[in-house]
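Commentary on secondary and tertiary structure
Residue strings, one per chain:
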Amino acid sequence: MKIYYAPNTRAVRIVWLCEELGLDYELHKFDGLADKRMREPDYLGVHPLGRVPCLEDNGQYIFESGAIVQYILARYGADKLAPAPDSDKFSTYLQWFHFAEGMLMPPVNTLVVETRILPAEKSNPTNIARARKLLGRILAAIEVGLGHKDYLVGDFTAADVMCGHATIVATRNGGDISDKPTVAAYVERLHARPALQKSWDVG
Ligand SMILES: N[C@@H](CCC(=O)N[C@@H](CS)C(=O)NCC(=O)O)C(=O)O
């Protein structure tokens with residue numbers, strides 16, 4: 001498997017998953033999102049938007065971090081890091097797995113664009129306020145969802161790779177968890193995992 005990767009991006013999720021599973025992988029590393037090679041025709045043939053992550057396996061390419069995680073688990077996961085479909089934890093697992101890109105990342109994307117990419121004179125305070133408010137409600141849902149559990153489904157699963165990564169990214173981009181001690185402890189717990197520590201900037 002070859003992972004198309006840039007440090008501190010959603011590609012971290014794929015390396016993290018492989019490290020947790022002890023799988024071998026090759027890296028095609030971009031220097032960062034400004035790396036022009038991401039916009040060159042060769043790579044646009046791999047990912048039509050020139051984004052990461054992407055995975056190549058046996059000559060086939062797949063993009064979308066959630067799809068890649070599901071692909072790796074289905075092919076090479078050996079029943080690890082995901083409850084079985086007939087388990088009563090399966091619905092909760094799927095829910096948090098997809099909450100990452102479905103709910104958490106959209107307001108994070110807005111905040112990244114409005115506060116980091118656009119020049120100050122072009123950024124829109126209404127958009128920023130709305131995204132921060134929505135992100136607060138989304139993080140509150142995670143606070144409640146975690147309850148007394150260490151991870152979203154109890155044991156560590158790929159839902160934590162997806163949603164845990166998105167939660168960390170949210171806290172780095174304006175998501176306030178000062179009133180969410182359970183999310184704060186969850187973030188610390190994730191940061192303590194050696195597989196995640198290795199994945200932020202590998203290769
Ligand atoms: N929903 C996609 C999002 C992919 C995405 O936007 N990746 C970002 C890095 S986190 C990227 O490559 N951005 C490059 C750009 O915006 O030009 C996924 O989960 O894989």
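Residues numbered from 1 in each chain as written. Predicted model: local features only at pLDDT ≥ 70, side-chain atom pairs only at ≥ 80, totals over all residues.

**Thoughts on the overall build of the chain**
Convention followed: In this text, helices come from DSSP runs of H or I with a minimum length of four residues, and strands from runs of E with a minimum of two, each type numbered from the N-terminal end. Computation of the radius of gyration draws on C-alpha atoms alone. For the globule rule, the value is 2.2 Å times the number of residues to the power 0.38. For the exposure call, what matters is how many other C-beta atoms sit within 10 Å of a residue's own: 20 or more marks it buried, 12 or fewer exposed, and in between partly exposed, using C-beta atoms placed from the backbone.
Across its full length, the chain carries 8 helices and 4 strands. The C-alpha atoms of the chain give a radius of gyration of 17 Å, which matches the 17 Å a tight globule of 203 residues would have. Taking the principal axes of its C-alpha atoms as reference, the chain extends roughly 45 × 45 × 25 Å. Looking at the chain as a whole, 33% of its 203 residues are labelled buried.

**Topic: the site of the ligand**
Defined as follows: The C-beta atom of each residue is placed using the backbone, and any residue whose C-beta lies within 6 Å of a molecule or strand is treated as near it. Side-chain classes follow a simple rule in which Ala, Val, Leu, Ile, Met, Phe, Trp, Tyr, Cys and Pro form the nonpolar group, Asp, Glu, Lys and Arg form the charged group, and the remainder, Gly included, forms the polar group.
In the neighbourhood of the ligand, the contacting residues comprise Thr-9, Arg-10, Leu-33, Gly-50, Arg-51, Val-52, Pro-53, Glu-64, Ser-65 and Glu-101. A class-by-class count of the residues in the shell around the ligand yields 3 nonpolar, 3 polar and 4 charged.

**A closer look at unusual backbone geometry**
A cis geometry characterises the amide bond from Val-52 onward to Pro-53, with omega recorded as 5 degrees. The residue Pro-53 is located in the loop between α2 (41-44) and β3 (54-57) in this model.

**A few points about the domain arrangement of the chain**
The following threshold applies: Segmentation into domains, and thus their bounds, comes from an automatic or database assignment. Any residue pair is listed as a contact if its two C-beta atoms, each placed from the backbone, are within 7 Å.
Taken as a whole, the chain is organised into domain 1 (2-81) and domain 2 (90-198). Computed from C-alpha atoms alone, the centre-to-centre distance between domain 1 and domain 2 is 21 Å. Across the boundary between the two partners, domain 1 contributes 10 residues, which contact 11 residues of domain 2. Of all the secondary-structure elements, those providing two or more residues to the side of domain 1 that touches domain 2 are α1 (11-21) and α3 (65-76).

**Topic: the sheet that holds strand β2 (residues 26-29)**
Using the following cut-off: For two strands to count as paired, DSSP must find a minimum of two bridges between them. Axis definition: a line fitted to C-alpha atoms, limited for helices to the stretch in contact. Angles are taken between N-to-C directions and run from 0 to 180 degrees.
An order of β2-β1-β3-β4 is seen for the 4 strands of this open sheet, with the pairing classed as mixed. Among the strands making up the open sheet, the edge pair consists of β2 and β4 (60-63). Mean inter-strand twist for the sheet, computed between neighbouring axes without regard to direction, equals 20 degrees. Here strand β1 (residues 2-5) pairs with β2 via 4 bridges, running parallel. Paired with Lys-2 across the strands is Glu-26, a residue of β2. The strands that α1 touches are β1 and β3; relative to β1, the one it contacts most, it runs at about 145 degrees.

**Section: the environment of Phe-63**
Within the fold, Phe-63 resides in strand β4. Owing to 16 C-beta atoms within 10 Å, Phe-63 belongs among the partly exposed residues under this scheme. Taking the C-alpha atoms as reference, Phe-63 lies 30 Å from Asp-176; in sequence the two are 113 residues apart. Those residues in contact with Phe-63, other than ones at most four positions away along the chain, are His-47 and Cys-54.

**Looking at the packing of α1 against α3**
As a reminder of what qualifies: Any angle from 65 to 115 degrees is called roughly perpendicular, while one under 35 is roughly parallel, one over 145 is roughly antiparallel, and all others are oblique. Crossings are sorted by hand: turned counterclockwise from the far helix by less than a right angle, the near helix makes the crossing left-handed, and turned clockwise it makes it right-handed.
The interhelical angle for the contact between α1 and α3, taken along N-to-C directions, is 20 degrees, at an axis separation of 10 Å. Accordingly, the angle class assigned to the pair α1 and α3 is roughly parallel. Crossing hand, α1 versus α3: right-handed. Packed against α1, whose contacting residues are Arg-13, Ile-14, Leu-17, Cys-18 and Leu-21, the element α3 presents Ser-65, Ile-68, Val-69, Ile-72 and Tyr-76 at the interface. Class assignment of the residues belonging to the contact of α1 with α3 gives a composition of 8 nonpolar, 1 polar and 1 charged.

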